[in-house]
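Observations on the model geometry
This is what each chain is made of:
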Amino acid sequence: MPSSTAHEAQAPGVTTTPWIRDLAAGIREVLRRDLSPQLTADQVAEVLRPSLGRPGLLTDAQREGDPRAYRQHLLHGEPDGSFSVVALVWLPGQQTPIHDHVCWCVAGVHEGQETEHRYRLTGAGETAELVRDAVLVNPPGALSAIAPPGDIHRVRNTGATKAISLHIYGADISRLGSSVRRTYRAPHEES
């Protein structure tokens, strides 16, 4: 996520659990199919599904949050840069800015609850306006698979406890630091 609201991804070589190694192998299998970005995201979501909520999936260090901003832990960076797996740890009230992505992405709630606001742009050029399309409350096990265009959203921990979500991006987060392409101002009714 953006460096202004999240910590930079941890350096490659961080401790990886056997579950994350198995997840990476499943993602590689999907990528070999050479599908469209949205179909890739949809199928990667199904690979992620059985991992959500699994005890021992993350180390204690990978479950740590930060009181200043949600925290990003790099769990796996594919050597060829084709995908990355990160854990995002959200303390109550922490959120992203409204943003879109440089690549397809999948998010699954591992623990806690997240609220996702999805948006779309109407108009073009200087008359373009952001409109909220949906509000989704995502409990443990909920999955989201999105690809540009049409991937504008904001995620927030609206619960009273820590939330942890697993994110898989079709990009090298260890190099980019974030999957965010650009951020947006909130619509007038949310300002």
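To keep things clear, this report deals only with the structure shown in the data block. (Residues numbered from 1 in each chain as written. Predicted model: local features only at pLDDT ≥ 70, side-chain atom pairs only at ≥ 80, totals over all residues. Heavy atoms only, no water.)

Taking 1.5 Å per residue as the helical rise, helix 1 (residues 18-31) with its 14 residues ought to reach 20 Å, and the 20 Å between its terminal C-alpha atoms agrees with that figure. Ile20, Leu23, Ala24, Gly26, Ile27 and Val30 are the residues of helix 1 that are buried. Down the axis of helix 1, the sector holding all buried residues measures 165°, keeping them to one side. On its buried side, helix 1 packs onto helix 2 (37-48), strand 1 (71-77), strand 2 (84-90) and strand 9 (163-169). (Helix = DSSP H or I, 4+ residues; strand = E, 2+ residues; numbered from the N terminus. Expected span 1.5 Å × (residues − 1). Buried < 20%, exposed > 50% of the residue type's maximum accessible area, 1.4 Å probe, protein only. Arc of directions from axis to C-beta. Contact = heavy atoms within 4.5 Å.)

The subject of this paragraph is unusual backbone geometry. In the segment running from Pro148 into Pro149, the intervening peptide bond is cis, with an omega of -15°. Within the secondary structure layout, Pro149 lies in the loop between strand 7 (143-146) and strand 8 (152-156). The phi torsion at Asp34 lies on the positive side, around 55°, for a residue other than glycine. Here Asp34 lies in the loop between helix 1 and helix 2. Judged by relative accessible area, which is 69%, Asp34 ranks as exposed.

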